[in-house]
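Inside the fold
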Amino acid sequence: MVITSSARTTVFDIDGTLCFDGRTIDGRILAALDACERAGHQLVFASARPVRDLLPVLDGAFPTATLIGGNGSLVSVDGRVRARAAFEPGEFGRLLAEAERFRAGYLADGPWDYAYTGPADHPIRGRVDQGGLARRVELAELPAVVKFLVVDATDLAALAEAGRALGMTVNHHLDEAIVDFAPGTTNKWEALTSLGIDAYDAFGNDVNDLDLLRNARHSVRVGTHPGLDGVARVTVPADPEAVAAEISRLAAAVGR
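The structure presented is a predicted model; accordingly, all values stated were derived computationally and were not measured.

**Some words on the nonpolar core**
If you look at the biggest cluster of nonpolar residues, it comprises 29 residues, and the most contacted ones within it are F12, L18, I29, L33, F45 and I247. If you list the elements that add at least two residues to this core, you get α1 (27-38), β2 (41-46), α2 (51-58), β12 (218-222) and α7 (240-252). Looking at which element gives the most residues to this core, the answer is α7, with five residues. The contacts of I29, once residues within four sequence positions are left out, are L18, F20, P240, V243, A244 and I247.

And the structure:
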């Protein structure tokens, strides 16, 4: 599916960029996003979350926005969700073997439902299926696995390296002590270009936004993640007021 639009496209990461409590987006940011859309921007929300977990955070706002979930493995256009990348059975079997070697607890996402084996009190549980839209199932019940998030292991760094050696896209989030695996070279930017979008502005905060920011016409880093040093044109504090102000500036600049 290719999107055709004359609107200027602006892409927003969610967690740490627009959402700072794992559950909601501040009203000031929502108002700025609305102004951005009314100014003629086509909004795209691109997240490590699966689409299922993007919907409760947006809470019905911006229903025409395109959604990219699972760091690029899922897309939703006009409300239709599809998996655009999934682990091949053989490659996933090798990843599972490594996960077992390091006694990993994980969240495995299918196109909609999920399997979870991590600690019951892990913070990630508060961000999974907040809207009660999916089912928690056994891993074997998922028709495909589009994203594999390790939430604990005996050696997270070694497990991350094992995933890279298998040719997977791996993001090791040191601040949260989690490792995110995606099939092949899947990332947000690659998913965006697959939709026919190659000219856009972008806001992001973490290493999984690197290519998204690097290839944007105008790029904004939220916070000071060192992995994004020298990548974004603008850096703003990880604060709702500052983020809302930068979105409003972008909206006001349309047509100039």
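**Quick word on unusual backbone geometry**
For D59, which is not glycine, the phi dihedral falls at a positive 55°. Its relative accessible area of 65% is what places D59 among the exposed residues. The backbone of A177 sits at a positive phi, close to 55°, despite the residue not being glycine. Tracing the sequence through the fold places A177 in the loop between β9 (169-173) and β10 (178-182). The exposure class of A177 is partly exposed, given its relative accessible area of 37%.

**Topic: the sheet that holds strand β7 (residues 114-116)**
Read across the sheet, five strands follow the order β7-β6-β8-β10-β9 without closing on themselves; strand pairing throughout is antiparallel. Each end of this open sheet is capped by a strand with a single partner; those strands are β7 and β9. Sheet twist, expressed as the mean angle between neighbouring strand axes with direction ignored, is 15°. Direction of pairing for strand β6 (residues 105-109) relative to strand β8 (residues 147-152): antiparallel, over a ladder of five bridges. Each bridged residue has a counterpart across the sheet, and for L107 the counterpart in β8 is L149.

Rules behind the numbers
Residues numbered from 1 in each chain as written. Predicted model: local features only at pLDDT ≥ 70, side-chain atom pairs only at ≥ 80, totals over all residues. Heavy atoms only, no water. Core = buried A, V, L, I, M, F, W, Y, C linked by side-chain atoms within 4.5 Å. Buried < 20%, exposed > 50% of the residue type's maximum accessible area, 1.4 Å probe, protein only. Helix = DSSP H or I, 4+ residues; strand = E, 2+ residues; numbered from the N terminus. Contact = heavy atoms within 4.5 Å. Pairing = 2+ DSSP bridges. Axes fitted to C-alpha atoms, helices over the stretch in contact; angles between N-to-C directions.

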